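Spelled out from the first residue to the last, the chains are:
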Amino acid sequence: MGVQAQTITLKVAHFLPPSAPGHTKFIVPWCEKIKAESNGELECQIYPAMQLGGTPVQLFNQARDGVADIVWTLPGYTAGRFPITEVFELPFITTTHEPSSMALWDFVNENAINEYRGVKLIGTWVNGANQLHMRDKAINSLADLSGLKVRAPSRLGNRVLSSLGATPVGMPVPQMAESLSRGVIDGALVPWEVLPATKAHELTKYHTDTALGQTMTTATMVYVMNEKRYKALPEHLQKVIDDNSGRDVSAWISAQYREADAGGKAAAEERGNQVILLSEEETEKWKQATAVVIEEWVKELGSKGKKGGQQLVDEARALVNKYTGETAN
């Protein structure tokens, strides 16, 4: 009679409630998959909503330091720590979910892997275009944004909003709903999928998006595992993790966000909220207004990487265009 292998439980932590699409559509199915493929030798204990303690900003360190075995987090939560990964958050660099996420995987592994010392990358993706979701004011043009206080997702999100004439207010997603309800902010820069889990579609009336296929900005996201924990696994279990990591897995994760974006938009429309799609001509004005954000980033990056900032921007755009073209065929 064979000896039953001992089950290894991996602690998986993230910052949103268990109702969030990232939890239900991506982390739970991923955990079920590694359990099935390891014949029950691997399983997850999921800790949503920062149940292991700390704040969203500390999640990456929790994975690196072994407080959690695996985390889902945003590099943009820790300003200046992931300067090369950040290129994908620059304005009008990305297109749609899957191609942009596949491009991010290639780009990070080629140019930014040193930013992830102490962890193993399982997936890298963008959460889709961020729209403006406003409490009381419809945004039809640049002039409409002037002076409004808008929640920003990251350092570059702050700069994008400033270049558009708004007053950025940096805060993680969990603080956004209360800030909207109290009028601390006039709106938020987030993707559609965030609205239902935070009830932000009930706290806003107007939603503005740029012309189709042109992304004002997005947030990069990563799913990472403590490197020592991974290396301590038997080889056949390392292979299970490897088989559920990489470019294709990143694309699959982002596809869950694409579906969730559609659900979030539908929830806003069902409430009778107004969805405004900017014309290509107006979107071009926003592009020109935010070009300064890219110029500043290129200058700042300087010699932080082996390549210059403009070369990294060009590489990111080329990868996004490559995968966008392939997935469109």
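Residues numbered from 1 in each chain as written. Predicted model: local features only at pLDDT ≥ 70, side-chain atom pairs only at ≥ 80, totals over all residues. Heavy atoms only, no water.

Student: Looking at this model, I keep getting lost on the overall build of the protein chain. Mind explaining?
Tutor: When helices and strands are counted, the protein chain shows 12 helices and 11 strands. Projected onto its principal axes, the C-alpha positions of the protein chain cover 75 × 45 × 40 Å. Considering the protein chain as a whole, with its 329 residues, one finds that 55% of them fall into the buried category. Here the analysis covers contacts within the protein chain between residues at least 6 apart in sequence; of these, 76% occur between residues at least 24 apart. Accessible surface, the protein chain as shown: approximately 13800 Å² in total, 48% of it carbon and sulfur. (Helix = DSSP H or I, 4+ residues; strand = E, 2+ residues; numbered from the N terminus. Buried < 20%, exposed > 50% of the residue type's maximum accessible area, 1.4 Å probe, protein only. Contact = heavy atoms within 4.5 Å. Areas by Shrake-Rupley, 256 points an atom, 1.4 Å probe, with all protein chains shown as cover.)

Student: Explain the sheet that holds strand E1 (residues 8-13) here, please?
Tutor: Sheet strands associate in pairs through backbone hydrogen bonding, adopting either a parallel or an antiparallel arrangement. Ordered in space as E2-E1-E3-E10-E4, the 5 strands form an open sheet in which the pairing is mixed. The sheet terminates laterally at strand E2 (42-47) and strand E4 (119-126), the two strands that pair on one side only. Strand after strand, the sheet turns through a mean of 20° between neighbouring axes, direction not considered. In this sheet, strand E10 (residues 220-226) lies alongside strand E3 (residues 70-73) in antiparallel orientation, the contact comprising 4 bridges. Note on E10: the bridge partner recorded for Trp72 is Tyr223. Its contacts with the sheet put helix H3 (residues 97-112) on E4 and E10, and the angle it makes with E4 is roughly 145°. Against the sheet, helix H9 (residues 235-243) makes contact with E1, E2, E4 and E10, and its axis sits at roughly 55° relative to E2, the strand it touches most. (Pairing = 2+ DSSP bridges. Axes fitted to C-alpha atoms, helices over the stretch in contact; angles between N-to-C directions.)

Student: When you look at unusual backbone geometry in this model, what are you seeing that I'm missing?
Tutor: Excluding glycine, residues mostly carry a negative phi; peptide bonds, for their part, are mostly trans. The phi angle at Ala49 is positive, at roughly 50°, despite the residue not being glycine. Here Ala49 lies in the loop between E2 and helix H2 (59-65). Residue Ala49 is classed as partly exposed on the basis of its relative accessible area, which comes to 40%. You will see that Lys199, though not glycine, has its phi angle at about 60°, which is positive.

Student: Mind showing me how you'd approach the nonpolar core here?
Tutor: One recurring pattern in soluble globular proteins: nonpolar side chains tend to sit buried together. Counting residues in hydrophobic clusters, the biggest one holds 98 residues, and the most contacted among them are Trp72, Leu132 and Tyr223. The element contributing the most residues to this core is H3, with 7 residues. (Core = buried A, V, L, I, M, F, W, Y, C linked by side-chain atoms within 4.5 Å.)

Student: Any chance you could explain the side chain of Thr124 here in plain terms?
Tutor: Tracing the chain through its elements places Thr124 in strand E4. On the basis of relative accessibility, which here comes to 0%, the residue Thr124 falls in the buried class. For Thr124, the contacting residues outside a window of four places in its chain are Ser101, Leu104, Trp105, Met221, Val222 and Ser250.

Student: Sorry if this is basic, but what is going on with the environment of Ile93 here?
Tutor: Following the sequence through the fold, Ile93 ends up in the loop between E3 and H3. The spatial distance from the C-alpha of Ile93 to the C-alpha of Asp209 is 15 Å, given a sequence separation of 116 residues. If sequence neighbours within four positions are ignored, Ile93 has contacts with Val87, Thr215, Ile294, Val313, Ala316, Arg317 and Val320.

Student: I tried to follow the sheet that holds strand E6 (residues 149-152) on my own but got confused; where do I start?
Tutor: Reading across the sheet, the 6 strands line up as E7-E6-E8-E5-E9-E11 and stay open at both edges, with mixed pairing between neighbours. Every other strand in the sheet has two partners, leaving strand E7 (167-170) and strand E11 (274-277) as the edge strands with one partner each. The mean inter-strand angle of the sheet, taken between neighbouring strand axes irrespective of direction, is 25°. Judged from the 2 bridges that link them, E6 and strand E8 (residues 187-190) form a sheet pairing that is parallel. Across the sheet, residue Arg151 finds its bridge partner in E8, namely Ala188. Sitting on the sheet, helix H6 (residues 173-181) touches E6 and E8, and the angle it makes with E8 is about 155°.

Student: Would you mind going over the side chain of Thr215 with me for this structure?
Tutor: Its place among the elements puts Thr215 in the loop between strand E9 (206-209) and E10. Overall, Thr215 belongs to the buried group, its relative accessible area being 2%. Polar contacts involving the side chain of Thr215 include one to the main-chain carbonyl oxygen of Thr94, which spans 3.1 Å. Not counting residues up to four positions away in its chain, the partners in contact with Thr215 are Pro91, Phe92, Ile93, Thr94, Thr95, Ala129, Asn130 and Thr210. (Polar contact = N/O pair within 3.5 Å; in protein donor to acceptor, adjacent residues only side chain to side chain.)

Student: What's the story with the pairing of E9 in this structure? I'm lost.
Tutor: Along a regular strand, successive side chains alternate from one face of the sheet to the other. For strand E5 (residues 131-134) and E9, the ladder comprises 3 bridges, and the chain directions are antiparallel. Bridge pairing links Met134 to Tyr206 in E9. As defined by bridge partners, E9 adjoins E11 across 4 bridges and the pair is classed as parallel. Looking at the pairing, His207 lines up with Val275 of E11.

Student: Hey, could you run me through the packing of H3 against helix H10 (residues 247-270) in this one?
Tutor: Two numbers describe a pair of packed helices, the interaxial angle and the distance between the axes. Close contact between H3 and H10 brings their axes to 8 Å; oriented N to C, the two are set at 145°. Our pair here, H3 against H10, has a crossing hand that is right-handed. Residue-level inspection shows His97, Glu98, Ser101, Met102, Trp105 and Asp106 of H3 in contact with H10, the latter providing Arg247, Asp248, Ser250, Ala251, Ser254, Ala255, Tyr257, Arg258 and Asp261. Looking at the contact of H3 with H10 residue by residue, the classes come out as 5 nonpolar, 4 polar and 6 charged. (Left-handed = near helix turned anticlockwise from the far one by under 90°. Nonpolar A, V, L, I, M, F, W, Y, C, P; charged D, E, K, R; others polar.)

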